[in-house]
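# Examination of the molecular architecture
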Amino acid sequence: MDFDLLSGFINGHDIGASTQLLSCLQDSGRLTPEQIAENPGLERGNVGAGTPDPHQRGAVITKIEDIFESITDCILDEGKELVIPLKSRAKKKNAANKDDSTQVNRSSNTEMRNITFPSKSPQEAWKFTALIRILELSHEALVTGNVTTKRDMYYRDPELFMRQAVVDRYVDDISYTFGVGRDALNVVAAAKGLVAGFFSVKRKDDSVVEYSLEHEGILIPGVKDIVDIQASDVRWILVIEKEATFRTLATNQYWRDSLGGKGVLATAKGYPDVQTRQFLHLFSQQHPTIPIFALVDFDPDGIGIMSTYKHGSMSLAHETNLAVPWVRWLGVRSCDFLNTENEIQGLLTLTARDRKIALKMLAKSVAEEDRDDEWKGELQVMLMMNVKAEIQILGNGDALAQWLDKKLFEAV
């Protein structure tokens, strides 16, 4: 982008009366009570859990077109400034030292910033251009009916966006400002999660995918393509932090031969992506009696990963079809290696980063009056003993399978 050219354009224009766009965006295009009464499944909390919502899609298209129309009006009326108020989840470390265009509502943990054009800085002009480009690509995806990924968006204009993180942040902020999930923009994250198990999925094109035939696991499907998950014989679902552990169990078809009965294995290869969380949420909605367990490292990140599955992330707290609050912690816990007669091998020392994360998690739980004493007690053990442990401390191959057999047999 030619910042000198932009700077010359900005400096050559006097900013007159300001026209603010989307100042009441949350209320515009929202479903009416009559629409919800006629179609109860169209409420925002159910978006993304199956069939796309045509009313919401139409409302989002209208919102975007209103923005473009307002921009055109302001360009034709020389001297006016274009303003787009954009909401995002405030980050505490950024709550201070904000510029004049940013306001933080501490009660709702919401950050509001105005993006303007023309502006006094090339950086502000670039922000406006990037935002409009993302709105354009979202509008294109909605009108054509083609789902796009954030990665695809970035590669449509890499010289403008410069970094993938720019697209990620603006897509999340736009959906939060609109009061909808990212699905309503026809934008998804590139799939990274894997799943294997004794179940099948019926898709909208009437095809059926038998996951029991894919012994090593395949990519987790997008929930928009799913009509029904058939899992009558499944007794448990195990969400695994690490891909290597998932592949070991999947290759050995542990989901078929477990003493706990037939099951499903899933992994997001670390912190969970949206598609994996949506899939687990939908699975639990269609089969609420099947218990879901988490197998994560005994460290602050492992507990953070489990917490994200259970409660969601702060940045996407407005998306209600992601959390699975009944996820149960199977391991690794301190009792899995402290209450043994064998010599403990494989324990690691907490790093300064680990201790910092653990202390922040404990402080946050006190501030929010979190009553989940289970993980708080384990964090305190970590800090007191100054140790952490990876899943591998349970053993590999047969040893891990035996440990899981005992735990799952007791749990289900």
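From a predicted model like this one, the values you see are computed outputs, not experimental measurements.

### Quick notes on the pattern of salt bridges
Side chains bearing opposite charge may pair, as long as their charged atoms lie close to each other. One pass over the structure, following the stated rule, counts 15 salt bridges. One salt bridge connects E140 with R156, and the closest N-O pair in it is separated by 3.1 Å. Of this pair, E140 sits in helix α4 (residues 122-144) while R156 sits in helix α5 (residues 150-156), placing them 16 residues apart in sequence. On the basis of relative accessible area, R156 is assigned to the partly exposed category, the value being 44%. Taking the shortest distance from any N to any O, the salt bridge between K388 and D354 comes out at 2.8 Å. In this pair, K388 is assigned in strand β17 (residues 387-388) and D354 in helix α13 (residues 352-367), connecting sequence segments 34 residues apart. One network of salt bridges, in which partners are shared, links D301, R353, D354 and K388.

### Overview of unusual backbone geometry
Here G331 and V332 are connected by a cis peptide whose omega angle stands at 5°. By the element assignment, V332 lies in the loop between β15 (328-331) and α12 (335-338). The backbone phi angle of D206 is positive, close to 75°, even though this residue is not glycine. With relative accessibility at 58%, the residue D206 sits in the exposed group. Positioned with a positive phi, N386 is a non-glycine residue whose angle comes to about 60°. Its relative accessible area of 27% is what places N386 among the partly exposed residues.

### Notes on the packing of aromatic side chains
The description of an aromatic ring pair uses the distance of the two centres, along with the angle that the planes make with each other. Counted according to the given criterion, the structure contains 7 aromatic pairs. On the basis of an interplanar angle of 45° and a centroid distance of 6.2 Å, the ring pair of F199 and F279 is categorised as tilted. Pair noted here: F199 is in the loop between β7 (194-197) and β8 (200-203) and F279 is in helix α10 (residues 274-286), with a separation of 80 residues, a long-range link. Looking at F199, the relative accessible area reads 3%, which means it is buried. Members of the aromatic cluster, connected to one another through ring pairs, are F199, Y211, F279 and F283. One cation-aromatic arrangement involves K262 over F198; the distance from NZ or CZ to the ring centre is 5.2 Å.

Thresholds, definitions, all that
Residues numbered from 1 in each chain as written. Predicted model: local features only at pLDDT ≥ 70, side-chain atom pairs only at ≥ 80, totals over all residues. Heavy atoms only, no water. Salt bridge = Lys/Arg side-chain N within 4 Å of Asp/Glu carboxyl O. Helix = DSSP H or I, 4+ residues; strand = E, 2+ residues; numbered from the N terminus. Buried < 20%, exposed > 50% of the residue type's maximum accessible area, 1.4 Å probe, protein only. Phe/Tyr/Trp six-rings, centres within 6.5 Å; stacked < 30°, edge-to-face > 60°. Lys NZ or Arg CZ within 6 Å of the ring centre and 35° of its normal.

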